[in-house]
Amino acid sequence: MMDAILQERVLENKDWATVLFVLSFVLIAVARTSFESRFSDFMRLLFSDKYNKIYKDSSHLMSWFNIALFVVQLISLAFFAQLILAYFGYVSKADWVLYIQIVTLIGVFILSKYLIEKIIATSFNMEEFVEQYNLQKVNYRTYISLLLLPINVFLFYNDNVSIMVIYVLIGIVLVANLLTYLNSLKIYQNLIIGKLFYFILYLCALEIAPYYFIYYWFTRS
């Protein structure tokens, strides 16, 4: 008689992710309902620059519309980062403790970078330019995060995704971010030329160095 071999079955708890996905869609629905016209202009950001022109004042950066979508942005970016790491075999995509660490890291990084940029902009008398430049970057980053949200849902609940699909998604996100930077540079080229030296310092210190250090820290660890 053959002995039965018992194998432990590990069930991953995904309820926390479901709650966050539902929360994200609720926040989007609230933003769409409360700011219907603004949300409509925002969703056409890929095809029209109308939203950036209307809401270019820095006071809009701390509006409830942006705050709600900023929360969605953090949730979406953290999920995307953890899912990418999971598909390369570094972590588990259902690890909620790791997710908290990632979302905290991204939140602290974005807010710290924003505060440092404010200080440097004030020091070099570039406050108006940096505020508008930052606001436009936030708009595009939020837009990309919203597009990533349904992709995150698909990747999280689907375990049979080809690694080639992951590479394609990473490539699309990188190209999209590069295009948004180039578009911002094109729009503000006259202001940049007038303060070219300070802008190069700003670019090296706050747009290149932080991401290089994150990459260096990740590869070393």
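Use the structure listed above.
So, a few notes on the structure that sits alongside this text. Nothing here was measured: the structure is a model prediction, and the numbers come from that model.

**Topic: the pattern of salt bridges**
Counted under the stated rule, the structure contains 3 salt bridges. R44 serves as the salt-bridge partner of D41, at 2.9 Å between the closest nitrogen and oxygen. Judged by its relative accessible area of 7%, D41 falls in the buried class. R44 gets classed as partly exposed once you look at its relative accessible area, which sits at 40%. Linking D159 and K93 is a salt bridge whose minimum nitrogen-to-oxygen distance equals 2.6 Å. Placement of the pair is D159 in the loop between α6 (127-157) and α7 (163-187) and K93 in the loop between α4 (64-87) and α5 (96-123), with a sequence separation of 66 residues. D159 gets classed as exposed once you look at its relative accessible area, which sits at 52%. Residues joined in a network through salt bridges with shared partners are D41, R44 and K50.

**Side note on the nonpolar core**
Grouped together as the largest cluster of nonpolar side chains are 41 residues, with contacts concentrated most on W16, F42, F65, F79, Y99, L155 and F156. Those elements that place two or more of their residues in this core are α1 (15-34), α2 (36-43), α4, α5, α6 and α7. Here the element with the most residues in this core is α4; it accounts for 12 residues. Leaving out residues up to four positions away in the same chain, W16 has contacts with F79, K93, A94, D95, W96, Y99 and F156.

**Observations concerning the layout of surface pockets**
As a volume, the second largest pocket reaches approximately 430 Å³. In terms of lining residues, the second largest pocket is bounded by 18 residues, among which L46, Y143, I144, L147 and A176 are the most central. Elements represented by at least two residues in the lining of the second largest pocket include exactly α6 and α7. Of all the elements, α7 adds the most residues to the lining of the second largest pocket, at 7 residues.

Each value, and the rule that gives it
Residues numbered from 1 in each chain as written. Predicted model: local features only at pLDDT ≥ 70, side-chain atom pairs only at ≥ 80, totals over all residues. Heavy atoms only, no water. Salt bridge = Lys/Arg side-chain N within 4 Å of Asp/Glu carboxyl O. Buried < 20%, exposed > 50% of the residue type's maximum accessible area, 1.4 Å probe, protein only. Helix = DSSP H or I, 4+ residues; strand = E, 2+ residues; numbered from the N terminus. Core = buried A, V, L, I, M, F, W, Y, C linked by side-chain atoms within 4.5 Å. Contact = heavy atoms within 4.5 Å. 1 Å grid on protein atoms, 1.4 Å probe; cavity = no way out; pocket = protein on both sides within 12 Å on 5 of 7 lines; lining within 4 Å. Points joined across faces, edges and corners; volume = space filled by probe spheres on them.

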